[in-house]
Amino acid sequence: MSGIVTMSRRDFLKAGAVLGGGLIIGVHLPLGTAAGMEPPGETFTPNAFIRIGTDDSITVIVNKAEMGQGVYTALPMIVAEELEVDPSTIRVEAAPVTPAYNHAEWGIQATGGSTSVRTEWERLAKAGAAARMMLIAAAAREWKVKPDQCRAEKGFVLHRASGRRLSYGKLAERAARLKPPAEVRLKDPKEHTVIGRPVRRLDTPAKVNGTAIFGLDVAIPGMLTAVVARPPVFGAKAKIIRHDQAEKVPGVKRVIPIDAGVAVVADSFPAALKGREALAIEWDEGPLAGLDSGRQRDQYAEMAKKPGAVAARRGDPDTALKGAAKRIEAIYEVPYLAHAPMEPLNCVASVQPDRCDIWTGTQMQTGDRNAAAKITGLPPEKITLRTMFLGGGFGRRAVPDSHFVREAVQVSKAIGKPAKVIWTREDDIHGGWYRPTFHNELAAGLDAAGMPIAWRHRIVGQSIAIGTPFEGGMVKNGIDETSVEGAADSPYEIPNFLCDYHMAPAGVPVLWWRSVGHSATCFVKEGFIDELAHLAGKDPYQYRRQLLKKHPRLVGALDLAAEKAGWGKALPEGRGRGIAVHESFGSIVAQVAEVSVGTKGEIRVHRVVCAVDCGRIVNPAIIAAQMESGVAFGLSAALHGAITFKNGRVEQSNFLDYPIIRMDEMPRVETHIVRSTEKPGGIGEPGVPPVAPAVANAVFAVTGARLRTLPMTPERVLAAASGK
């Protein structure tokens, strides 16, 4: 599939139903073919990532899913820099599933962990440089001159002495006959004309005019639509299925038990929904039928009374605590969180005797393809998976068991026709794979000067790795590294330190959620360090700075955020500032939040200033956009987000009771980038962790109410302010 699809307006209107001035509902794709522009007959393909046509078209094949984070722009920019072309002339195509496009570190094709730029930079730069060298060599042969007498510029090769020039398209056939260079020289960063500059997103036009194809848009000839009735309690099994009324619903074709539950297959989505509503299923609800968030909280607190598996230790914190001049203890808690991407999960599959075609928005192509191969019995090379645009991912579309793809493949195999499985918003909120809930108990001791001499942090929560293919690499000595990341490796210089961990009982499906463990540990670490500063009677910014003297990059980001936010300067009456700094995914982000609190406890975040040190950068505009996105995502969780259970059932259902922040709640976000020559870090996730603690610390500055439990609801603000 072409990652960025171009269609005529007439073809666009014919492609499917159109509502309200251009909202595309379905794009009919020829069965077994890719969507969009097909490569010209004659091409120059120097490597797996670049294709240059005789028509002067330049295509970059991107092996990462585009889910709003900008990889369809940032990664082609790296190629454009070395290939000497304007990024705006590049077409983008989603990579097929094959080892050539595997993640440079993980050995599978996948997108996540804010790794796209930092793991692909060198590989794509070398791909662009190799192509440039081959094109120059082809031109030199044509002109019978030495390659060093030629140069590449804006899609042409020029001969310096004579002024002759040939376009890349004119050289494509000649270059295709040359052997790729064994070694390439990359540009010195001082020579860069593309990297480091703001470039407009290459996928924006298609997304604005409606021609970008998301998974939910896909339709193929003969396709039926399915929705699945899933268990009301995690782990429940269907005992009795009464489907006679469902089969009477007009448009319903089949009712099929599958691994996930019971699929209702119909000729339209509304018919499938009505058919599901007409199903009567009796469930054996299993061991989680009594799951209750309040009792679970008590269970976690009871576990925290005993020492856990040691994640990090130095010195003797227990002895130091006993001798401290001042001592403080606190409990911090964070809830389960759903990812809630704007585009609910969906997948189109067409299973045939000799092949299987899949269209979906996924972050884990290899896992999805392998799951389909297992279900169909076909070899992996007979499975063609096309990665569509993703309407948000945040980790939700990187599920180890590939369940939404499995559902579509199982349904298609059962009915012998193409099938499209669609999840509703309620299905998604009820569907699990949440960020785990965590209970944290902390104690710290200060010396006579107010500086910390002891820090003890106990974490209780589920592991996201148990029962997944990643368990062996992520869980060691009873510790899931993602549960303690950001806590066990806290950069604050405290001589006596302990972080231990209790792995809570499993059952609720949990998974990586944007910024993974850092989403919880940063709130705890940065909230508690603020408490120590207050106990010591010191400025929280300067207090952090003093404890981070051995970490200049952290101090640099902290200083920049404080400076740009006007730390220490007067604010309008009723407003306060809070600060937080955190390192995750190879990058450092410091944030200052400016907040006011209403008489009913409602929090209003007016401004968030972000300072970002992510090493070498590709596109500063994308960095700013990702900081804004991270703030919005983090604030939604900090102010509103919580998945809770009663009688084994999720109590939330849709955005009415699992809200995300609305436009009128969104603060002004300012992003300032620390210029750096360090290796590139991630940017999609690091903006999320500091938001919640910065806001909580600002609320304390305004009201004196210390918020240690998320979300920060008005009720919790009022309770904390009253000392309850």
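Note: the structure precedes this text.
Residues numbered from 1 in each chain as written. Predicted model: local features only at pLDDT ≥ 70, side-chain atom pairs only at ≥ 80, totals over all residues. Heavy atoms only, no water.

A. Seen up close, the side chain of Thr437. Here Thr437 is to be found in the loop between α12 (425-430) and β23 (438-446). At a separation of 2.7 Å, a polar atom in the side chain of Thr437 contacts the main-chain carbonyl oxygen of Val334. Ignoring sequence-local partners within four residues, the contact set of Thr437 consists of Gln296, Tyr300, Val334, Pro335, Tyr336, Val460, Gly461 and Gln462. (Helix = DSSP H or I, 4+ residues; strand = E, 2+ residues; numbered from the N terminus. Polar contact = N/O pair within 3.5 Å; in protein donor to acceptor, adjacent residues only side chain to side chain. Contact = heavy atoms within 4.5 Å.)

B. Representation of the sheet that holds strand β19 (residues 346-352). With mixed pairing, seven strands are arranged side by side in an open sheet as β14-β15-β12-β22-β19-β20-β21. If you trace the sheet from one side to the other, it starts and ends with β14 (252-258) and β21 (383-387), each paired once. Across the sheet, the mean angle from the axis of one strand to that of its neighbour is 20°, orientation sign disregarded. Across the sheet, helix α10 (residues 365-376) touches β19, β20 (355-360) and β21, and the angle it forms with β21 is around 145°. Relative to the sheet, helix α11 (residues 403-415) contacts β12 (224-229), β14, β15 (261-266), β19, β20 and β22 (419-422), its axis offset from that of β19 by approximately 35°. (Pairing = 2+ DSSP bridges. Axes fitted to C-alpha atoms, helices over the stretch in contact; angles between N-to-C directions.)

C. Quick look at the side chain of Thr482. Tracing the backbone shows Thr482 in helix α14 (residues 481-484). A distance of 2.8 Å separates the side chain of Thr482 from the side chain of Asp480, its partner in a polar contact. Residue contacts for Thr482: discarding those within four places in its chain leaves Ile464, Met474, Val516 and Gly517.

D. Looking closely at the packing of helix α2 (residues 71-83) against helix α3 (residues 116-143). Their axes nearest at 7 Å, the elements α2 and α3 cross at an angle of 35°. Here α2 runs over α3; the crossing is right-handed. Where α2 abuts α3, its residues Val71, Ala74, Leu75, Ile78, Val79, Glu82 and Leu83 lie against Ser116, Val117, Glu120, Trp121, Leu124, Ala125, Gly128, Ala129, Ala131, Arg132 and Leu135. Considered class by class, the residues forming the contact of α2 with α3 number 13 nonpolar, two polar and three charged. (Left-handed = near helix turned anticlockwise from the far one by under 90°. Nonpolar A, V, L, I, M, F, W, Y, C, P; charged D, E, K, R; others polar.)

E. Broad picture of the pattern of salt bridges. This model, assessed by the stated rule, comprises 39 salt bridges. In this structure, Glu526 engages Lys525 in a salt bridge whose closest nitrogen and oxygen atoms are separated by 2.6 Å. Judged by its relative accessible area of 0%, Glu526 falls in the buried class. Judged by its relative accessible area of 4%, Lys525 falls in the buried class. A salt bridge links Arg607 to Glu670; its shortest N-O distance comes to 2.8 Å. Of this pair, Arg607 sits in strand β30 (residues 603-613) while Glu670 is found in strand β33 (residues 668-673), placing the two residues 63 residues apart along the sequence. Accessibility expressed as a relative area gives 19% for Glu670, which makes it buried. Members of the salt-bridge network, linked through shared partners, are Lys525, Glu526, Asp530, Arg544 and Arg706. (Salt bridge = Lys/Arg side-chain N within 4 Å of Asp/Glu carboxyl O. Buried < 20%, exposed > 50% of the residue type's maximum accessible area, 1.4 Å probe, protein only.)

F. Layout of the packing of aromatic side chains. Applying the stated criterion across every chain, the model contains 14 aromatic pairs. Between Tyr336 and Phe645 the ring centres are 5.6 Å apart and the planes differ by 80°, which places this aromatic pair in the edge-to-face class. In this pair, Tyr336 is assigned in the loop between β18 (326-334) and β19 and Phe645 in strand β31 (residues 645-646), connecting sequence segments 309 residues apart. Exposure class is identical for Tyr336 and Phe645. Each is buried. An aromatic cluster is built from Phe234, Tyr336, Tyr434 and Phe645, whose rings are joined through pairwise contacts. The positively charged end of Arg230 is found above the aromatic ring belonging to Trp423, 3.7 Å away from the centroid. The ring of Phe633 has Arg514 lying over it, and the distance from NZ or CZ to the ring centre is 5.3 Å. (Phe/Tyr/Trp six-rings, centres within 6.5 Å; stacked < 30°, edge-to-face > 60°. Lys NZ or Arg CZ within 6 Å of the ring centre and 35° of its normal.)

G. Layout of the environment of Phe269. Structurally, Phe269 is set in helix α7 (residues 269-278). Residue Phe269 is classed as partly exposed on the basis of its relative accessible area of 27%. It is 45 Å that separates the C-alpha atoms of Phe269 and Gly478, two residues lying 209 residues apart in sequence. The residues contacting Phe269, other than those within four sequence positions of it, are Thr225, Val227, Ile422 and Thr424.

H. Representation of unusual backbone geometry within the structure. Going from Leu710 to Pro711, the amide bond is cis rather than trans, its omega being 0°. Positive phi outside glycine occurs at Ala340, with the angle close to 50°. Residue Ala340 is classed as buried on the basis of its relative accessible area, which comes to 7%. Look at Val516: it is not a glycine, yet its phi comes out positive at around 50°. Looking at the secondary structure, you find Val516 in the loop between β27 (496-503) and α15 (518-536).

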